[in-house]
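As a plain string of letters, each chain reads:
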Amino acid sequence: MQLYTNLKIFHYQHKLDSLPPESERTEAPLHIRIKPTNACNHSCSYCAYRNPNLQLGQDMSIADRIPATKMKEIVDDCIDMDVKAVTFSGGGEPLCYPQLATTARTLAEGGVSIATLTNGGLLHGEVAEVFSSMGTWIRISMDGWDGPSYSRFRSVDENEFSKIMNNIENFKKLNGKCFLGISYVINRDNADHVFEMGQKLKDVGVDSIKFSGCVVSNDGHENNRYHAPVFGRIKEQTQRAKEELQSDGFEIFDAYHELDEKFDKSYQWCPYQQILPIIAADQRVYSCQDKAYNLDCGVLGSIKDVRFKDFWFNNRDKFFKINPSKDCNHHCVSNNKNMLIHDYLNANPDHLPFV
Ligand code: SF4
């Protein structure tokens, strides 16, 4: 069955009905991304949060992290609101957050599905055991193909690559139910090592690899220009990996493609910010992953002095301040899903029976 599909939201009819501006009901988000800390143990050259050419992370302070008492309150609220899933992500490296194991365990015990993005460097000990036994998935972002390349990409010790490969192998040996995926981020420097890494990662037992291109600019055309000299070589390898490596229990998802040259949106309100918002390390709630740490346009509000639950259910107007046709002319991970929802909600009720 498919892991990646834009249609998951259509399993939540009640939520869909509550989305439009004219609805009088606010429902809990289905899925929240929590960014527990902006600190990181790696320093990736292409990190989108630290790239001044990208609007993502433009107002981020590396020192921010969610205080432990606030995190406990957020966790209690997520359980109480019947939030279905929480994914931990950056800003920084989620596993640098000292209370991550406790936070994840409490959520899972409260019935919330948990997942994390990570660079894998700290994936051992208690946090690995919690995610292995209680997590739905973890996804490790990678780029290098050996110790020296990893060290160059991430300004880390040359041993870091083998440490992470060991962590992956040991995580799989825990034999938990958690799905272990790799997000392999392709750039000009690792362009000739894509198939090779597919093979290496299959050999250490990962469940899936997602190949995608690094994003270097808010402008789609510039991204495509960056990838153009290596695009053909990379596509050959991702296709070969699909044909030769994919098997039962090992999936390859080829998300390496040209970006739309224009990021224009045709709709005036964004459904997905009510479905998958961000709680960031600065204790602000943001509309989405692509606007995290954008103080000029992206903040739904602060939960520093108010419980998340109270913030969410009060004042529905906050969900309609962003006008995507004006404010979101940049990459948006939810654009296709938003368009599907708008199509669904815009269907003329008199004509619905004529399926
Ligand atoms: S970037 Fe996309 S998900 Fe974010 S607010 Fe705009 S339309 Fe919504």
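Report follows, based on the coordinates. Keep in mind it's a predicted model, so treat the numbers as computed, not measured.

## Some points on the nonpolar core
Nonpolar side chains in soluble globular proteins generally cluster together in the buried interior.
Logical step 1: Membership of the largest hydrophobic core comes to 67 residues, with the highest contact counts inside it found for Met-142, Ile-168 and Leu-201.
Logical step 2: Excluding residues within four positions of it along the chain, Leu-201 makes contact with Met-142, Met-165, Ile-168, Ile-182, Val-206 and Ile-209.
Logical step 3: Ranked by size, the runner-up nonpolar core spans 13 residues in total, among them Cys-44, Val-185, Ala-292 and Tyr-293.

## Digging into unusual backbone geometry
Logical step 1: Cis peptide bonds are those with omega within 30 degrees of zero, and the linkage from Gly-90 to Gly-91 qualifies with -5 degrees.
Logical step 2: With respect to the helices and strands, the residue Gly-91 is situated in the loop between strand S2 (85–88) and helix H3 (100–109).
Logical step 3: With phi around 60 degrees, Asn-175 is a residue other than glycine that occupies positive phi space.
Logical step 4: When you line up the elements, Asn-175 lands in the loop between helix H6 (160–173) and strand S5 (179–186).
Logical step 5: Judged by its relative accessible area of 68%, Asn-175 falls in the exposed class.

## Here we look at the packing of helix H2 (residues 68–81) against H3
Logical step 1: Close contact between H2 and H3 brings their axes to 9 Å; oriented N to C, the two are set at 15 degrees. Our classification of the angle between H2 and H3 gives roughly parallel. For the element pair H2 and H3, the recorded crossing hand is right-handed. Residues Met-71, Val-75, Cys-78 and Ile-79 of H2 lie in contact with H3, whose contacting residues are Thr-103, Thr-106 and Leu-107.
Logical step 2: Across the contact of H2 with H3, the residue classes tally to five nonpolar, two polar and no charged.

## Focus: helix H5 (residues 147–154)
Logical step 1: Within H5, six of the eight residues are buried, which leaves the element mostly enclosed by the surrounding structure.
Logical step 2: Taken together, the buried positions of H5 are occupied by Gly-147, Ser-149, Tyr-150, Ser-151, Phe-153 and Arg-154.
Logical step 3: Check the buried side of H5 and you find it contacts strand S4 (137–142) and H6.
Logical step 4: One or two residues past the end of H5 sits Ser-155, with phi positive at roughly 50 degrees.

## Brief notes about H6
Logical step 1: The end-to-end C-alpha distance of H6 is 20 Å, a good match for the 20 Å that 14 residues give at a rise of 1.5 Å each.
Logical step 2: What H6 keeps buried is the set Glu-160, Phe-161, Ile-164, Met-165, Asn-167, Ile-168 and Phe-171. The arc that holds the buried residues of H6, viewed along the axis, is 155 degrees, so those residues lie on one side.
Logical step 3: On its buried face, H6 sits against helix H4 (125–134), S4, H5, S5 and helix H7 (194–203).

## Thoughts on empty space enclosed by the protein
Logical step 1: Within this structure, the stated rule accounts for one cavity of 30 Å³ or more.
Logical step 2: Within this model, the largest cavity holds a volume of roughly 100 Å³.
Logical step 3: For the lining of the largest cavity, the per-class residue count stands at seven nonpolar, five polar and two charged.

## Regarding the site of the ligand
Logical step 1: Taken together, Tyr-267, Cys-270, Ser-287, Cys-288, Lys-291, Pro-324, Cys-328, His-330, Cys-332, Ser-334 and Asn-338 form the complete shell of residues around the ligand.
Logical step 2: A per-class count over the shell around the ligand returns six nonpolar, four polar and one charged.

## Looking at the pattern of salt bridges
Charged atoms that come close allow side chains of opposite charge to pair.
Logical step 1: Applying the stated criterion across every chain yields a total of 15 salt bridges.
Logical step 2: Between Glu-73 and Lys-70 there is a salt bridge, and its shortest N-O distance comes to 2.9 Å. Pair noted here: Glu-73 and Lys-70 are both in helix H2, with a separation of three residues, about one helical turn.

## Comments concerning the packing of aromatic side chains
Logical step 1: With the rule as written, the count across this model stands at 11 aromatic pairs.
Logical step 2: Judged by centre distance (5.5 Å) and plane angle (65 degrees), the rings of Phe-10 and Tyr-344 are edge-to-face. In this pair, Phe-10 is assigned in the segment before helix H1 (13–18) and Tyr-344 in helix H11 (residues 335–345), connecting sequence segments 334 residues apart.
Logical step 3: Residue Phe-10 is classed as partly exposed on the basis of its relative accessible area, which comes to 27%.
Logical step 4: The partly exposed category is assigned to Tyr-344, whose relative accessible area is 32%.
Logical step 5: In this structure an aromatic cluster arises from ring pairing among Phe-308, Trp-312 and Phe-319.
Logical step 6: Note that Arg-240 overlies the ring of Phe-195, its terminal NZ or CZ placed 3.6 Å from the centroid.

Cut-offs used in this document
- Residues numbered from 1 in each chain as written.
- Predicted model: local features only at pLDDT ≥ 70, side-chain atom pairs only at ≥ 80, totals over all residues.
- Heavy atoms only, no water.
- Core = buried A, V, L, I, M, F, W, Y, C linked by side-chain atoms within 4.5 Å.
- Buried < 20%, exposed > 50% of the residue type's maximum accessible area, 1.4 Å probe, protein only.
- Contact = heavy atoms within 4.5 Å.
- Helix = DSSP H or I, 4+ residues; strand = E, 2+ residues; numbered from the N terminus.
- Axes fitted to C-alpha atoms, helices over the stretch in contact; angles between N-to-C directions.
- Parallel < 35°, antiparallel > 145°, perpendicular 65-115°, else oblique.
- Left-handed = near helix turned anticlockwise from the far one by under 90°.
- Nonpolar A, V, L, I, M, F, W, Y, C, P; charged D, E, K, R; others polar.
- Expected span 1.5 Å × (residues − 1).
- Arc of directions from axis to C-beta.
- 1 Å grid on protein atoms, 1.4 Å probe; cavity = no way out; pocket = protein on both sides within 12 Å on 5 of 7 lines; lining within 4 Å.
- Points joined across faces, edges and corners; volume = space filled by probe spheres on them.
- Near = heavy atom within 4 Å.
- Salt bridge = Lys/Arg side-chain N within 4 Å of Asp/Glu carboxyl O.
- Phe/Tyr/Trp six-rings, centres within 6.5 Å; stacked < 30°, edge-to-face > 60°.
- Lys NZ or Arg CZ within 6 Å of the ring centre and 35° of its normal.

Function cannot be read off these values alone, since they describe shape.
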